[in-house]
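Residues per chain are reported as follows:
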Amino acid sequence: MSKEVVVPGDVVGVAEEYLPGENVEVGNDGKLRAQVIGVIVKDDREHVVSVKPLKSGNLLKINDVVYGKVIAIPNDRVVIVRIIGVDNNGSKAVIKDDITGIIPPSQLFNGKSNSASEILGIGDMIRARVVSKDPPYTLTLRDAQLGVVHAKCPRCGHTLRWKSHGLLQCPNCGAVVRRKVSLAEYWA
Ligand SMILES: [Zn+2]
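Residues numbered from 1 in each chain as written. Predicted model: local features only at pLDDT ≥ 70, side-chain atom pairs only at ≥ 80, totals over all residues. Heavy atoms only, no water.

**Here we look at the coordination of the zinc ion**
Surrounding the zinc ion are the protein donor atoms Cys 153 (SG), Cys 156 (SG), Cys 170 (SG) and Cys 173 (SG), at 2.3 to 2.4 Å. In this structure, the zinc ion is coordinated by four donor atoms arranged in tetrahedral fashion, with angles at the metal of 99 to 123 degrees. Within one chain, the residues serving as donors to the zinc ion are arranged as C-x2-C-x13-C-x2-C. Placement of the pair is Cys 156 in the loop between strand E13 (147–150) and strand E14 (161–164) and Cys 173 in the loop between strand E15 (167–169) and strand E16 (176–178), with a sequence separation of 17 residues. (Donors = N, O, S within 2.8 Å, 3.2 Å for Na, K, Ca; no water. Tetrahedral: all angles 85-135°; square planar, octahedral: opposite > 155°, others 65-115°. Helix = DSSP H or I, 4+ residues; strand = E, 2+ residues; numbered from the N terminus.)

Next comes the structure, spelled out in structure tokens:
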């Protein structure tokens, strides 16, 4: 069985080979096309091709507040985030699918910060907002409610404690670390 992801309009087969199943339509050209974003499911015994919608319940929308882990900061400018949760009207829902978010420099702080590592670090958990419609999602941190919600000490690995909106401190080794901390919450 194929695991290929398709978007609406993608050809998933031809009418001579397959019958259109769920979320598949036949065009005038005899080609079968996907009607939704999803995974192709081919039943070669019944000769039916369908498209299983991709985690439609979990697809993010503009303005969704998400939680994610910083996994890379290429060139100290762009921040790559693995999104692991979404705020659902105040309650957090875990996202099991592998969804990547990207924070461009313009969405980092006030848009003037040259260095991403001045406000967050690899491994930090952040609270961010979705500003693009489709994956890979663009995220923003440009709001006082958005920013780091959990971070570990870069020196000793202990969980950092909240010190101020711009600083976290390690209760173990005393290190003070500059971060853009979310005003909405901090998980110590
Ligand atoms: Zn420490």
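**Brief notes about the sheet that holds strand E4 (residues 24–26)**
The strands that make up a sheet pair up through hydrogen bonds in the backbone, lying either parallel or antiparallel. Taken together, three strands build an open sheet; the order of strands is E2-E5-E4 and the sheet is antiparallel. Pairing within the sheet leaves two strands with one partner each, and these edge strands are strand E2 (11–14) and E4. Averaged over all neighbouring strand pairs, the angle between strand axes comes to 30 degrees, with direction disregarded. Where E2 lies against strand E5 (residues 31–34), three bridges are found, and the strand directions are antiparallel. Bridged to Gly 13 within E5 is Leu 32. (Pairing = 2+ DSSP bridges. Axes fitted to C-alpha atoms, helices over the stretch in contact; angles between N-to-C directions.)

**What about the nonpolar core?**
In this structure, Leu 60, Val 79, Leu 120, Ile 126, Leu 139 and Leu 141 are the most contacted members of the largest nonpolar core, which totals 32 residues. Residue assignment for this core shows that the elements contributing at least two residues are strand E8 (65–72), strand E9 (79–88), strand E10 (91–103), strand E11 (125–130) and strand E12 (137–140). For this core, the element with the most residues is E9, which contributes four residues. Leaving out residues up to four positions away in the same chain, Leu 120 has contacts with Val 70, Ile 73, Val 79, Ile 126, Leu 141, Val 148 and Arg 179. Membership of the second largest hydrophobic core comes to nine residues, among which are Val 6, Val 24, Leu 32 and Ala 34. (Core = buried A, V, L, I, M, F, W, Y, C linked by side-chain atoms within 4.5 Å. Buried < 20%, exposed > 50% of the residue type's maximum accessible area, 1.4 Å probe, protein only. Contact = heavy atoms within 4.5 Å.)

**Things to note about a negative patch on the surface**
Together, Glu 16, Glu 17, Asp 43, Asp 44 and Glu 46 make up a negatively charged patch on the protein surface. Take Asp 44: it is sitting in the loop between strand E6 (38–43) and strand E7 (48–53). (Patch = residues over 30% accessible without salt bridge, like charges linked within 9 Å, V, L, I, M, F, W, Y side chains within 5 Å. Areas by Shrake-Rupley, 256 points an atom, 1.4 Å probe, with all protein chains shown as cover. Salt bridge = Lys/Arg side-chain N within 4 Å of Asp/Glu carboxyl O. Lys, Arg positive; Asp, Glu negative; His and termini not counted. Charge placed at Lys NZ, Arg CZ, Asp CG, Glu CD.)

That is the geometry; function is a separate question.
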